[in-house]
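Residues per chain are reported as follows:
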Amino acid sequence: MNIRTMASVFAATSVLAFSMPAFADTDLKIFVSSQHQPDVWRKVLDKYEAANPGVKVAIETGGNTSEAQAQYLNTVMSAKDTNLDVLMLDVIRPAQYAAAGWTSAFENKDMSVYLPAYAGANTVDGKVVALPAFADAMFLYYRKDLLEKYGIAPPKTWEELAAAAKKVAEGEKNPDLQGLSFQGKAIEGAVCTFLLPYWSQGKNLVENGKLTFDHDAAVTALKLWKDFVDTGVAKKNIAEVATDDTRKEFQAGSAVFAVNWSYAWTHFQGAESAVTGKVGVTRLPALGGGEQASCLGGWEWGVSAYSTHQDEAKKLVEYLSSEDVSVFMAANGSLLPTYAAAYGNNEVLKAVPWFADALQVVETAKPRPVTPRYNEVSEVIRTTVNAVLAGVTTPEDGASQIEARLKRILR
Amino acid sequence: MTTTSILNAASNADRGPPAWTRWLDLGDRALGVVLLAPAAILLALIIVYPVLRLGYTSFFSLSLTSGLPAEFVGLENYSLMLEDPVFWETTWNTVLITLITVPGALLVGLALALLANLPFGVQWPVRLSLLIPWALPLSFAGLIFAWFFHSEYGVVNDVLVRLGFEGIIWFNSPNWAFAAICLTIVWKTSSFMALIILAGLQTIPRSLYEAADVDGAGRVRQFFEITLPLLKPSIVVALIFRTITALQTFDIPYMMTGGGPGTSTSTLAMYIHQNTVSFLDLGYGSALAVVMFALSMCVTAVYLRAIRTKE
Amino acid sequence: MSAVAAPGLSGLLSGRPLRFLAGAVLIVNGMFPALWILFTSLKTEAELTAKPITWVPHAPTLANYMQAFSDQPLHLFLFNSFMVALLSTCLTLLVSVLAAYALARLDLRYRGLILSLIIAVSTFPLVTLLVPLFEIMRTLNLLNTWVALVLPYTVLSLPVCTLMLVSFFEGIPRDLENAAMIDGCTRLGALFKVVVPLCAPGVFTAGILAFVNAWDEFLLALSFNSNPALRTLPVGIQLYQGEFAFPWPVISAALVVGIVPVAVLIVIFQERVVSGLTAGGIKG
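The model shown is predicted, which means the values in this text are computed figures rather than measured ones.

So, about the nonpolar core. If you look at the biggest cluster of nonpolar residues, it comprises 213 residues, and the most contacted ones within it are M256 of chain B together with F169, L191 and F224 of chain C. Filtering out sequence-adjacent residues up to four positions away, M256 of chain B remains in contact with G142, F145, A146, F149, F171, A180, I181 and T184 of chain B. Counting 130 residues, the second largest nonpolar core, distinct from the first, contains A164, L211, V325 and I409 of chain A.

Written out as structure tokens, the structure reads:
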């Protein structure tokens, strides 16, 4: 092999490498996770392109978990990349993105058309920084058949749930049947695990950007879940359980109750499910005499501050978060709408009848703390919840740890 | 002639280019510059410039979520670091991982190499089983072993139970989770060590052992007096790179435990990544990166000095 | 390759059955995870979480492989990974051959220092350089090209390859080059026509090292090449994972497809790799 041949081969491949075609000639580029039905969004975008000649919209799909996407977007936006015009953001991100100057604000936007929780989640310092794409919340799934068998009504409090689980366990005598499955792994969902009973006691974690921590309420919240593990209602290695593990186990018939997001329903009624037709869904229970709380999920549309097409991008986002699109996505993609009226829409109910029951849950769901430093807050809460459930930290110590660390972050 | 002799900067070969060097009539010096230029340019672009940027940023308070512009704060990031319990914990975890997995990989690698050196009829299955762990991407190895150590569906507990022990909930306990991570790292890296050691083993001439036999030395003594000393140079080079990589441990704990429970299995590289990419605290993240770099440089210097004094 | 020596063990463990045992230990240790992924890729989702856990699939199915190729453009990931790895291997070899030659042959004042520097810069983890590197690539307009990855990957393997090649080159007597140059070769010509071919095992080893390093890298590939047409394998495999779902069987199938090329390369070159590490490589 002589140097001339090597050099020419290298040169040829280099030319190829440099001349990889840029992504198709487009005006706007939106960033969507490939798990959130980009093919259905494509149809919506085609309609938009037809109605707006001269505008082409391309979809770029990114990492599939909220975490992977955030990693990618954080890198790209830190370097002020102008490639993306519109971003689909997890509901917990707008505050951070707005503070970092990565999103453009929407002027004079009336947020009252949406479900109230989304107005709160997308408004930072009085400015609207993102518009809702679709909604989500946490539900209590339960085995209708088992509850009927033992004559138990769907529980409204956690205490009732524990009693129900015990009764079913004693009756079924199946060691593989869990009472309750929830998320104990140190994932984002574990933040909800902590907040559900905390909110149920009428407490908020953050008000107007300031920390309002109630130590006793936090201890009670952590204790609730730890007690489930200690009394056998939840399995011992619950600290290993992530969202989809809960879904899989309930789907296989191994749990009486499950805490999970809306995506699980379709799986439970699917062909591979062992519990088709046996599943009921309702609001998550309350703690003692408190309120029934749920955790708000869903995704939002933001306009990149570095986009070179600010006006067109904003127009596109307004379209994408309109009621018509919301109804379309609900009927065709099973994504929960962000408009209350859509839950009664015939088209929607024909495709996903259970959405009628879902409204009461989504309406009363609360957003996680809206603060630019949410990532750090989330890290503190979820690692502590995980440690408490693993038995490494006591609920009291866990609450103190959360308090101390949050105080440093949310000064 | 060894790599180490270069590091002693000994002028052990003939000096000066032969009289008939016709390539542009360059002397050694100029030719050296030209030959080293590509490497230098690449390193400058990819490493030196970003590192300098990082060092520069570490003197500023720059957190993208604060919405405030960068503010010069001198050494404040570093003093914050000293008071940060998570910094100390992750650094300690990193050091511990290094202290456990480097000798661990060496011992296991040595054992594997000795086994692999037996006269097998067919060589390639043995070689393949040494090379596959090394070729498996780190992130995949982390994922796979996370599943292996799952308390319910994992293979490890299955084997333990079949052997009559109780299953362990690996990721419920800081110590067991740490053990799982170290085991995975040792498994992954011992195969490369084994390869290097095997190569070394196969160059030791038989005659040395035969002579030792004649002198009446036992197998064990032969091992310690012939095998090990002759393996030393290969082992040292492998150790340098293994140690540096150990200090940078990221993928495996990231995939297996995400640092949990709590922060008990989080490493310095993970903490840097978290601060930079997730918390967007670029100033603090840069300062942490500089400290990690300094740590690695110190370790490298120690190794290089150890090599020099040996020769 | 020199004759197999007989240190340590083979005196204690002579005989067929013990050699068999040793072989079994080695193969299980090295291949177990790979085999496990293979088995998982043939299982169904339900079988994975059945208790007690099954090792060998009861009803093997190739459906996961079909799904692996249909869910994501796996062939595209393979192609991109292959090209990036190939290009960076070539570049690494070129640069390290030149650098190693300079360090091995030329009388340079700061030889030791330069080599130490090359090792030292490899102590900086690429993970921490993510953001500055992204900015550089963006400024140079290299995002979403193969080059954006080839350059960092070359730097990744440069220190190890250079070190290895330096010791190889030192093992070649100068007379051979001198003879070539008397015959009318230039210095570089002698390097490529005489020295490199003689060091083929070392070059192969360095090449495989560089290739595997490039094939396995994840973080930079994720950040620099977001264009779906340019994704590499490790990034692509992450895409099978959903927000909540982790389809192990399909992912395992994709993993198998991802490991096979490297394994094949290894089997083909393993003879050269080990002899490369043997003959003059890193020895005493």
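Most of helix α6 (residues 138-148) of chain B is tucked away, with 10 of its 11 residues classed as buried. Taken as a whole, α6 of chain B has its buried residues at S139, F140, A141, G142, L143, I144, F145, A146, W147 and F148 of chain B.

Glancing now at the interface of chain C and chain B. Residue-level contacts link 109 residues of chain C with 109 residues of chain B. Both faces combined, the contact of chain C with chain B buries some 10,500 Å², and carbon together with sulfur accounts for 76% of it. Across the contact surface, chain C and chain B share 0 salt bridges. Summed over the shared surface of chain C and chain B, the number is 1 residue pair in polar contact (both at pLDDT 80 or more). With 14 residues, helix α2 (residues 16-41) of chain C is the largest single contributor of residues to the side of chain C that touches chain B. Among the residues making up the side of chain C that touches chain B, the classes are represented as 75 nonpolar, 22 polar and 12 charged.

Once that is clear, we can look at the pattern of salt bridges. Residues and elements named next belong to chain A. The final tally for this structure, using the stated rule, is 19 salt bridges over all chains. Between D214 and K203 there is a salt bridge, with the nearest N and O atoms lying 3.1 Å from each other. With D214 in the loop between β10 (210-211) and α9 (215-230) and K203 in the loop between α8 (189-200) and β9 (206-207), this pair connects stretches of sequence that are 11 residues apart. On the basis of relative accessibility, which here comes to 23%, the residue D214 falls in the partly exposed class. A relative accessible area of 30% places K203 in the partly exposed class. Through salt bridges with shared partners, a single network forms among R42, D46, E49 and K56.

Procedures and definitions
- In this numbering scheme, every chain counts its residues from 1 along its sequence in written order.
- To label them, take the chains in the order written and letter them from A, then take the ligands in the order written and number them from 1.
- It should be noted that, the model being predicted, local features are given only for residues of pLDDT at least 70 and side-chain atom pairs only at 80 or more, the latter also being counted only at that level, while totals for whole chains, interfaces and linings use all residues.
- To obtain the side-chain values, all non-hydrogen atoms of the structure were used and water was disregarded.
- Take the buried residues of types Ala, Val, Leu, Ile, Met, Phe, Trp, Tyr and Cys, join any two whose side-chain atoms come within 4.5 Å, and each joined set is a nonpolar core.
- Type-normalised accessible area, obtained with a 1.4 Å probe on protein chains alone, sets the label of each residue: buried when under 20%, exposed when over 50%, and partly exposed for intermediate values.
- By definition in these notes, contact holds between two residues if any of their heavy atoms fall within 4.5 Å.
- Elements are defined by DSSP. Helices are runs of H or I of four residues or more, strands are runs of E of two residues or more, and each kind is numbered from the N terminus.
- Here's the idea: put two parts together, see how much 1.4 Å probe accessible area each one loses, and the total over both is what we call buried area.
- The term salt bridge refers to a pairing of a side-chain nitrogen on Lys or Arg with a carboxyl oxygen on Asp or Glu at a separation within 4 Å.
- In the analysis that follows, any N or O atom pair within 3.5 Å is treated as a polar contact, provided that within protein one partner can donate a hydrogen and the other can accept it, and provided that, for residues neighboring in sequence, both atoms belong to side chains.
- Any residue outside Ala, Val, Leu, Ile, Met, Phe, Trp, Tyr, Cys, Pro, Asp, Glu, Lys and Arg is labelled polar, Gly included; the first ten of those are nonpolar and the last four are charged.

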